[in-house]
Amino acid sequence: MKVLVLNCGSSSVKFQVIETSLDMIEADTDRTLARGGVEKIGLSDSRLAMEVPGRKPYQEIAEILEHRAAVERILRVLAHPQQGVLSAASEIEAVGHRMVHGGEKFASSVLVTPEVEAMIEECVVLAPLHNPHNLRGLVAARSLLPNVPHVAVFDTAFHQSIPPRAFVYGLPYELYTRHSIRRYGFHGTSHRFVSIRTAKLLGRPLEDLRIITCHLGNGCSMAAVDRGRSVDTTMGFTPLEGLLMGTRSGDLDAAILPWVMAMEEVTLAQLNAMLNKHSGLYGISGVSSDMREIEAACKAGNKRAVLAFEIFCYRIKKYIGAYAAAMGGVDAVTFTGGIGENSPLVREQAVSGMEFLGIELDQEANRTTPRGKETLISRPGSRTAVAVIPTNEERVIARDTVRVLGGVMPSFSVPGNEAPR
Ligand code: ADP
């Protein structure tokens with residue numbers, strides 16, 4: 001089955017066409033036929049780019065004013081006689097949509113119906129920066145491809161198995177009952193995918209393993225995956241909490257915020273920008289939010305870059321300890337995302353001195369990890385395995401689409417894990 005995967009942002013639409021089926025999922029042989037995106041939607045010089053394996057990248061610049069026009073353009077280029085990969089857009093048999101926030105309503109991926117669409121709409125208040133754009137893409141794609149099923153895959157769904165003791169904040173309880181303020185967690189598709197792949201790489205059943213997954217990209221989060229189920233994660237009500245990130249602060253004493261507002265006379269909007277755009281690796285180093293540039297600045301002796309790097313790795317280490325405690329032990333630590341997959345230095349620092357948890361890194365394997373390959377980087381005798389697993393969120397979305405349509409989508413809702421209302 002050819003599945004179109006859509007990921008709609010405020011001014012962008014990313015897409016992939018993935019050929020997959022239940023058998024191909026089992027054999028891990030599903031493949032990407034084309035990938036690309038439209039950027040700068042709403043401007044006169046919007047850019048559509050597409051890559052097809054084995055071909056020269058294709059690009060066109062033209063005015064694309066809104067999401068519907070972007071999806072329309074994507075469908076046209078996919079079915080173009082020269083650049084395309086489909087004989088007609090009607091070859092697309094299903095569409096998988098990335099949805100950032102499913103609130104407490106969605107514990108797994110779902111077929112989009114008018115009721116589901118209304119429920120997604122209700123989650124907009126929880127992710128006002130993301131869900132409206134996701135929804136806009138969904139509405140556009142449904143009107144352009146009305147005869148195929150559409151499936152919504154949520155970043156938050158995998159973490160709905162987290163128990164109340166890990167998701168309720170120490171705030172007045174009415175904030176939870178009235179406004180649903182709680183930990184939701186994000187990057188769920190990635191944490192789920194890499195935990196499943198880690199078990200495959202180790203040749204052991206997922207149901208026997210306690211895995212700590214570290215998704216380190218521009219946004220960073222970790223999850224404690226206990227026998228296949230997320231039981232804790234570092235991101236919270238929003239993607240701000242937890243690890244240090246490219247431009248986000250991660251954990252901090254919340255009392256700093258009113259203090260800064262008073263002392264620096266900043267507005268709420270400025271405070272938000274400070275936390276999300278001017279903090280993290282960038283804020284501490286003053287150099288960059290990009291780990292490659294941080295590492296280069298460290299080599300050149302920039303002390304603030306060194307500090308930013310150390311804080312970044314230290315937080316990962318701290319959470320490995322915390323999540324080992326949460327699960328009563330750990331069998332594997334898995335790294336993924338742009339930094340997790342490509343930075344031997346971060347991986348080494350993050351697990352250094354953790355022999356007490358049975359973690360023994362194979363320094364050579366860590367330094368020479370082949371790009372894009374699932375690799376074990378712990379020593380053969382290491383009690384706790386350390387793995388590098390390239391993530392592929394689009395593939396998870398395509399797979400979930402097939403699974404939902406095939407009626408085999410496992411539900412991740414855990415009876416009895418709700419907090420009292
Ligand atoms: P996003 O979260 O936007 O999907 P990615 O997963 O692509 O981002 O990760 C981007 C991060 O990966 C950047 O900080 C980038 O510097 C880092 N990265 C990519 N390649 C390397 C590398 N070879 N060494 C260190 N960091 C890298």
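Look up a bit, the structure's there.
Each chain has its residues counted from 1, running along the sequence as written. Where totals are concerned, whole chains, interfaces and linings use all residues; where local detail is concerned, this predicted model gives features only for residues with pLDDT of at least 70, and gives and counts side-chain atom pairs only at 80 or more. Only hydrogens and water are set aside when side-chain values are computed; all heavy atoms of the structure are taken into account.

**What to know about the overall build of the protein**
Per the convention used, a helix needs a DSSP run of H or I reaching at least four residues, while a strand needs a run of E reaching at least two, with both numbered from the N terminus. Check the secondary structure of the protein and you find 16 helices and 14 strands. For the protein, the C-alpha radius of gyration of 21 Å lies close to 22 Å, the compact-globule estimate for 421 residues. By principal-axis analysis of the C-alpha atoms, the protein measures approximately 55 × 55 × 50 Å. The sign given to each residue is positive for Lys and Arg and negative for Asp and Glu; His and the chain ends receive no count. Lys charges are placed at NZ, Arg charges at CZ, Asp charges at CG and Glu charges at CD. Charge centroids of the protein, computed over 45 positive and 46 negative side chains, lie 2 Å from each other. Both definitions apply: the radius of gyration is a C-alpha atom measure, and the globule rule equals 2.2 Å times residues to the power 0.38.

**Structural notes on the environment of D30**
On the secondary structure map, D30 appears in the loop between helix 1 (22–27) and strand 3 (31–39). Accessibility here uses a 1.4 Å probe with only protein chains present; expressed as a share of the type maximum, an area under 20% marks a residue as buried, one over 50% as exposed, and anything in between as partly exposed. Taking relative accessible area as the criterion, D30 reaches 4% and is therefore assigned buried. Each C-alpha atom of the pair D30 and A398 lies 9.3 Å from the other, and the pair is 368 residues apart in sequence. Here, two residues are considered to be in contact whenever any of their heavy atoms come within 4.5 Å of each other. Every residue in contact with D30, bar those within four places of it in the chain, is listed here: E19, T20, M24, I25, R395 and R399. A distance of 3.1 Å separates polar atoms of two side chains, one belonging to D30 and the other to T20. In protein, a polar contact means a hydrogen-donor-capable atom and an acceptor-capable atom, both N or O and within 3.5 Å, with residues adjacent in sequence counting only if both atoms are side-chain atoms; elsewhere, any N or O pair within 3.5 Å suffices.

**Side note on the site of the ligand**
In these notes, residues near a molecule or strand are those with any non-hydrogen atom within 4 Å of it. Around the ligand, the structure places 13 residues, and the nearest of them are N218, D290, M291, R292 and G338. Within the contact set of the ligand, an oxygen atom lies 2.8 Å away from a side-chain nitrogen or oxygen of N218. With respect to the ligand, the backbone of I339 contributes an N or O atom lying 3.3 Å from an oxygen atom. Taking 580 Å² as the accessible area of the ligand by itself, protein coverage stands at 70%. Reported accessibility uses the Shrake-Rupley method at a 1.4 Å probe radius. Residues are deemed covered only where the shown protein chains occlude them.

**Digging into unusual backbone geometry**
Of note, R227 is a non-glycine position whose phi angle comes to about 55 degrees, a positive value. Along the chain, R227 turns up in the loop between strand 10 (220–226) and strand 11 (229–233). If you check the backbone angles, E265 has positive phi at about 50 degrees while not being a glycine. Looking at the element boundaries, E265 is found in the loop between helix 8 (256–264) and helix 9 (268–277). Judged by its relative accessible area of 70%, E265 falls in the exposed class.

**Side note on the sheet that holds strand 5 (residues 58–61)**
Note on pairing: two strands pair once DSSP finds at least 2 bridges between them. Judged by pairing direction, the sheet is mixed, and its 8 strands sit side by side in the order 5-4-3-2-1-6-8-7 without closing on themselves. In this open sheet, the two strands that pair with only one neighbour each are strand 5 and strand 7 (110–111). Note that strand 2 (residues 13–19) and strand 3 share 7 bridges and pair antiparallel. Residue pairing for strand 3: Q16 is matched across the bridge by R35. Across the sheet, helix 4 (residues 131–144) is in contact with strand 1 (2–8), strand 6 (94–99) and strand 8 (150–154); its angle to strand 6 comes to roughly 170 degrees. Note on definitions: angles span 0 to 180 degrees between N-to-C directions of axes, and those axes are lines fitted to C-alpha atoms, for helices only across the stretch in contact.

**Some thoughts on helix 7 (residues 188–202)**
Expected helix span is taken as 1.5 Å per residue step, with the number of steps being one fewer than the number of residues. For helix 7, with 15 residues, the first-to-last C-alpha span of 21 Å sits near the 21 Å given by 1.5 Å per residue. A large share of helix 7 lies buried, amounting to 11 of its 15 residues. G188, T189, S190, H191, R192, F193, V194, S195, R197, T198 and A199 are the residues of helix 7 that are buried. For helix 7, the secondary structure elements touched by its buried residues are strand 8, strand 9 (210–216), strand 10, strand 12 (332–336) and helix 16 (393–406). With its phi angle positive at about 65 degrees, G203 sits one or two positions after the end of helix 7.

**A short note on the side chain of H191**
By the secondary structure assignment, H191 is in helix 7. Here H191 is in contact with F158, H159, F186, T213, H215, S221, M222 and A223, once residues within four sequence places are set aside.

**Here we look at the pairing of strand 14 (residues 385–388)**
Of the two faces of strand 14, the one carrying A385 and A387 and the one carrying V386 and V388 are both buried. Alignment of strand 12 against strand 14, held across 4 bridges, turns out to be parallel. By the bridge assignment for strand 14, F335 is matched with V388. The sheet contact formed by strand 13 (residues 375–376) and strand 14 spans 2 bridges and is antiparallel. Residue pairing in the sheet places T375 in a bridge with V388 of strand 14.

**Regarding the nonpolar core**
Grouped together as the largest cluster of nonpolar side chains are 40 residues, with contacts concentrated most on L216, F312, I316 and I320. Broken down by secondary-structure element, the contributors of at least two residues to this core are strand 9, strand 10, helix 11 (291–299), helix 12 (303–327), strand 12, helix 14 (344–351) and strand 14. Filtering out sequence-adjacent residues up to four positions away, I316 remains in contact with C214, L216, M222, L243, F335, V346 and A350. For our purposes a nonpolar core is just a set of buried Ala, Val, Leu, Ile, Met, Phe, Trp, Tyr and Cys residues, chained together by side-chain atoms within 4.5 Å. Counting residues in hydrophobic clusters, the runner-up holds 27 residues, among them V13, V17, I64 and A141.

**Thoughts on the packing of aromatic side chains**
The geometry of an aromatic ring pair comes down to the distance between the two centres and the angle between the two planes. Each aromatic pair joins two rings of Phe, Tyr and Trp (for Trp, the six-membered one) with centres within 6.5 Å, and gets the label stacked for planes under 30 degrees apart, edge-to-face for over 60, and tilted for any other angle. In the structure shown here, the tally under the stated rule is 5 aromatic pairs. Seen in terms of ring centroids, Y319 and Y323 are 5.6 Å apart; in terms of plane orientation they differ by 50 degrees. Their pairing is tilted. Taken together, the residues Y319 and Y323, both in helix 12 and 4 residues apart, mark about one turn of the helix. For the pair Y319 and Y323, a shared accessibility class is recorded, and that class is buried.

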